[in-house]
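Okay, here's what each chain looks like letter by letter:
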Amino acid sequence: MSPSLFNFVDAKDKFTASARNALIGKTSKPLVNAFNQFPGHEAEKKTTFDQALRGVLGDQIVEQKANCDEYLSLIYLSIDAVTEGICSATTPFLLLGDVLDCLPLDQCDRIFSFVEKNVSTWKSNSFYTAGKNYLLRMCNDLLRRLSKSQNTVFCGRIQLFLARLFPLSEKSGLNLQSQFNLENITVFNKNEQESTLGLKHTEEKEDGMEVEEGEMGEDDAPAPCSIPIDYNLYRKFWTLQDYFRNPVQCYDKFSWMTFLKFSEETLAVFKSFKLDDMQASKRKLEELRASGEDVYFAKFLTNEKLMDLQLSDSNFRRHILLQYLILFQYLKGQVKFKSSSCVLHDDQSAWIEETTKLVYQLLKEIPPDGDKFATMVEHILNTEENWNGWKNEGCPSFVKERTVDDKPKRPTRKRQAPEDFLGKGPDAKIFMGNDELTRLWNLHHDNMDACKSDSREFMPTLDEFFTEAIEQADPTNMVEDEYKVVRNPNYGWRALRLLSRRSPHFFQPTNQKFKSLADYLDSMVSKLAKELPKDIPSEEIKTGEEDDDDNGDNLLKDSNDSPSIQSKMVTNQQMDDLAAKLGAEWKALASHLEMKAAEMREIETDSEDVDMQAKLLLVAWQDREGAQATVESLVAALNSAGFSQIADCLNEA
């Protein structure tokens, strides 16, 4: 058995009756019940319901008995029907369009107030996609019906509504190519023969228009004409509006000369005749401030008789000066769709810079609150440059989409593999949990070997550390005991550590008793003075070691009883003389002394003086060789390095 056909007429009648009942009860329940009870496909019932609502609205408009509130009640019902899913999302916008097309402008104002209040509804997911084009078309139809000069506020409300409805990145509402409204032509008297400026008019007083004396107060008296106005000034002033309408003319050479001449004369008038005294307009401005109304010009009035009043009006002057700043910003700015021939010359740029400063100065001098107004204008124009840059970039979206890599990852409990942190992966890098620690740990592939390197040896030699103490122990230097370094506890602690590493005397037994660490160090200094090179005058040092001669101090005795060995050791004086002769050529000797490249770099880092670098080379060699650092081995190294003359001098010494 085939399914029954959908009865459109019956469905429409039933839905129409339910819509009228819903209007009376101010509820959408009759609509929902009628929709659910009538058999048929969902899409067919929705289409029929749309037609029923438009039919009810059409009847209301034809009968002309309904008012705006009843129209709005039906539109509210359609919005509820969309929410309930029994009506198409475009139906409320179709009803709005029908109402606005059939009503006069005064009633359209009330309907549009409803549209403004429900902008959050139109931007919701249920309505925005389906209705944005209908709303745009509806607003454009309204703008075509409205007069820009008489219905300025209504036009502005429509523009603000569209700005609130569409996102900033909606390109349909943007002037991407920076086109100008060339239809906005300012009409003025271009025939000098018909001009009335400069003529003396006699005022004829009619009987019915006589004013008794004392009826007009001082504040109400019109201000006397203070600006000399002739036809040339009138013509040049209003001709500038054509350049403000189409700034591209300024790039033409002859048009620029005309604009330059007319602008200088106009600005000279503004500069010469300043509005210091508001006179009769003071009270009017105070009234406007109290009422909160704004002063604006929908269209310029170009009657010659109004010229003096216009130039004496502060708001009119501000409009003209602001036009200059907007024009200058376009001429100097970078606009994507500008022609390649639209380029300013250096003299044009310089004139614009000077004139901009003059315009801002004139704005500050115009009462009331000139400084505040000029600052506000400058801020707005600076913000406009950011919008121009955004348009030049193609109006990118302000919503930054998160990339795949930036998305947060779910925490995992999986343990890391050993190769991830033990350096056995492809990079063989050990991760220590901190970037700096990881860098330090991976400086060398084997840190234990790196620590054993000769370049990591920072312990000083006995000669270097005890030189000062040996010199202070010499009686000829007359250093009192309390000022000796051996009395310093810090020095004593470091001396004990060095002696335990470098001196055999530290472990030799002795019967001598010491009252303090300083006395013990004095004894050790005396012993070291006998072993260290002879350039330190140790023969006069009172050793006080007579009692130790019987205690088996064989090493000290061997050192004193072996002049042949002692004479072969390189002394400090010999190293100083040798370093002075080597100078910058010390690197040639370093390789023959078996010095490593790392040690040579360390020597260069420690000092910039080449003589000191040579001395550090010899000291490092002596510390490494120890007892083998003899004169004979050094002479052999000098000869092999090609320093035979220096070797001979060392032998003679």
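Since this is a predicted model, take the numbers as computed values, not measurements. (Residues numbered from 1 in each chain as written. Predicted model: local features only at pLDDT ≥ 70, side-chain atom pairs only at ≥ 80, totals over all residues. Heavy atoms only, no water.)

## Observations regarding the overall build of the chain
(1) Moving on: Each helix and strand in the chain was counted, giving 30 helices and zero strands.
(2) Moving on: Counting all 653 residues of the chain, 36% fall into the buried class.
(3) Moving on: In the chain, of all internal contacts separated by at least 6 residues, the share reaching a separation of at least 24 is 70%.
(4) Moving on: For the chain, the accessible surface area stands at approximately 41900 Å², while carbon and sulfur atoms represent 50% of it. (Helix = DSSP H or I, 4+ residues; strand = E, 2+ residues; numbered from the N terminus. Buried < 20%, exposed > 50% of the residue type's maximum accessible area, 1.4 Å probe, protein only. Contact = heavy atoms within 4.5 Å. Areas by Shrake-Rupley, 256 points an atom, 1.4 Å probe, with all protein chains shown as cover.)

## Regarding the packing of helix α21 (residues 489-502) against helix α22 (residues 517-531)
(1) Moving on: Two elements in contact, α21 and α22, have axes whose closest approach is 11 Å; the angle formed by their N-to-C orientations is 45 degrees. With respect to α22, the element α21 is oriented oblique. Here α21 runs over α22; the crossing is left-handed. Packed against α21, whose contacting residues are G492, A495, L496 and L499, the element α22 presents L517, Y520, L521, M524 and L528 at the interface.
(2) Moving on: Tallied by class, the residues present in the contact of α21 with α22 amount to eight nonpolar, one polar and no charged. (Axes fitted to C-alpha atoms, helices over the stretch in contact; angles between N-to-C directions. Parallel < 35°, antiparallel > 145°, perpendicular 65-115°, else oblique. Left-handed = near helix turned anticlockwise from the far one by under 90°. Nonpolar A, V, L, I, M, F, W, Y, C, P; charged D, E, K, R; others polar.)

## A word on the side chain of R245
(1) Moving on: With respect to the secondary-structure elements, R245 resides in helix α10 (residues 231-245).
(2) Moving on: A polar atom in the side chain of R245 sits 2.6 Å from the backbone oxygen of L182.
(3) Moving on: Beyond its immediate stretch of four places on either side in the chain, R245 contacts F180, N181, L182, N184 and I185. (Polar contact = N/O pair within 3.5 Å; in protein donor to acceptor, adjacent residues only side chain to side chain.)

## As for the packing of aromatic side chains
(1) Moving on: Evaluation of the coordinates by the stated rule reveals 33 aromatic pairs.
(2) Moving on: Aromatic pair Y128 and F166: ring centres 6.4 Å apart, planes at 65 degrees, arrangement edge-to-face. Of this pair, Y128 sits in helix α8 (residues 128-145) while F166 sits in the loop between α9 (152-165) and α10, and the two are 38 residues apart along the sequence. This pair shows no difference in class: Y128 is buried, exactly as F166 is. (Phe/Tyr/Trp six-rings, centres within 6.5 Å; stacked < 30°, edge-to-face > 60°.)

## A short note on the side chain of Q613
(1) Moving on: Secondary-structure assignment places Q613 in helix α28 (residues 610-625).
(2) Moving on: A relative accessible area of 8% means that Q613 is categorised as buried.
(3) Moving on: Residue contacts for Q613: discarding those within four places in its chain leaves W586, I603, E604, S607 and E608.

## Re the state of the cysteines
(1) Moving on: What the rule picks out here adds up to zero disulfides.
(2) Moving on: Here C68 is not disulfide-linked; the sulfur of C108 is the nearest cysteine sulfur, at 8.3 Å. (Disulfide = S-S within 2.5 Å.)

## Description of helix α11 (residues 253-272)
(1) Moving on: The end-to-end C-alpha separation of α11 is 29 Å, in line with the 28 Å expected for 20 residues at 1.5 Å each.
(2) Moving on: Listed in full, the buried residues belonging to α11 are S255, W256, F259, L260, F262, S263, T266, L267, V269 and F270.
(3) Moving on: Structurally, α11 contributes buried residues whose contacts are with α10, α13 (307-311), α14 (314-332) and α15 (346-365).
(4) Moving on: Where α11 begins, the side chain of D252 points an oxygen toward the backbone nitrogen of F254, at a separation of 3.4 Å. (Expected span 1.5 Å × (residues − 1).)

## A short note on the nonpolar core
(1) Moving on: Counting residues in hydrophobic clusters, the biggest one holds 56 residues, and the most contacted among them are F49, V115, W122 and F161.
(2) Moving on: The next biggest cluster of nonpolar side chains, apart from the first, holds 46 residues, and it includes F188, Y234, F373 and L381. (Core = buried A, V, L, I, M, F, W, Y, C linked by side-chain atoms within 4.5 Å.)

## Observations regarding a nonpolar patch on the surface
(1) Moving on: Taken together, M432, L437, L440, W441 and L443 make up a surface patch of nonpolar side chains, about 500 Å² in accessible area.
(2) Moving on: Here L437 lies in helix α18 (residues 435-441).
(3) Moving on: Judged by its relative accessible area of 47%, L437 is partly exposed. (Patch = residues over 30% accessible without salt bridge, like charges linked within 9 Å, V, L, I, M, F, W, Y side chains within 5 Å. Salt bridge = Lys/Arg side-chain N within 4 Å of Asp/Glu carboxyl O.)

## Some words on the confidence of the model for the chain
Fine structural detail should not be taken from predicted coordinates in areas where pLDDT scores are low.
(1) Moving on: Per-chain confidence: the chain averages 80 in pLDDT, with 81% of residues scoring 70 or above.
(2) Moving on: Mean pLDDT values for the elements of the chain range from 41 in helix α23 (residues 554-560) up to 95 in α15.
(3) Moving on: Note that residues 200-225 has pLDDT below 50 and, in this model, nine contacts with residues that lie over four places away or in other chains.
(4) Moving on: Note on residues 536-567: pLDDT is under 50 here. Beyond four places in sequence and across chains, it has 50 contacts. (pLDDT = per-residue confidence, 0-100.)

## Notes on the packing of helix α25 (residues 572-582) against α28
(1) Moving on: It is the contact of α25 with α28, at a shortest axis distance of 8 Å, that shows an interaxial angle of 130 degrees. Classified by the angle their axes make, α25 and α28 are oblique. Between α25 and α28 the crossing geometry is right-handed. Packed against α25, whose contacting residues are M575, D576, L578, A579, A580 and L582, the element α28 presents D611, A614, K615, L618, V619 and Q622 at the interface.
(2) Moving on: For the contact of α25 with α28, a count of residues per class yields eight nonpolar, one polar and three charged.

## Things to note about α14
(1) Moving on: Taking 1.5 Å as the rise per residue, α14 with 19 residues should run 27 Å; its terminal C-alpha atoms sit 27 Å apart, in good agreement.
(2) Moving on: Among the 19 residues in α14, 14 count as buried, and that is most of the element.
(3) Moving on: Sitting at the head of α14, D313 places a side-chain oxygen 3.0 Å from the backbone nitrogen of N315.

## Here's the deal with the pattern of salt bridges
(1) Moving on: Per the stated rule, a full pass over the model turns up 16 salt bridges.
(2) Moving on: The salt bridge involving E604 is made with K587; its shortest N-O contact spans 2.3 Å. Of this pair, E604 sits in helix α27 (residues 597-606) while K587 sits in helix α26 (residues 586-590), and the two are 17 residues apart along the sequence.
(3) Moving on: E604 gets classed as partly exposed once you look at its relative accessible area, which sits at 32%.
(4) Moving on: Classification of K587 by relative accessible area gives partly exposed; the value is 41%.
(5) Moving on: Three or more residues joined by partner-sharing salt bridges are found here, namely D109, E116 and R157.

## Considering the layout of surface pockets
If you roll a probe as big as a water molecule over the atoms, it shows you where there is empty space left.
(1) Moving on: Of the volumes computed, that of the largest pocket is approximately 2000 Å³.
(2) Moving on: Lining the largest pocket are 50 residues, and of these N175, Q179, F180, N181 and I326 lie nearest its centre.
(3) Moving on: A per-class count over the lining of the largest pocket returns 24 nonpolar, 19 polar and seven charged. (1 Å grid on protein atoms, 1.4 Å probe; cavity = no way out; pocket = protein on both sides within 12 Å on 5 of 7 lines; lining within 4 Å. Points joined across faces, edges and corners; volume = space filled by probe spheres on them.)

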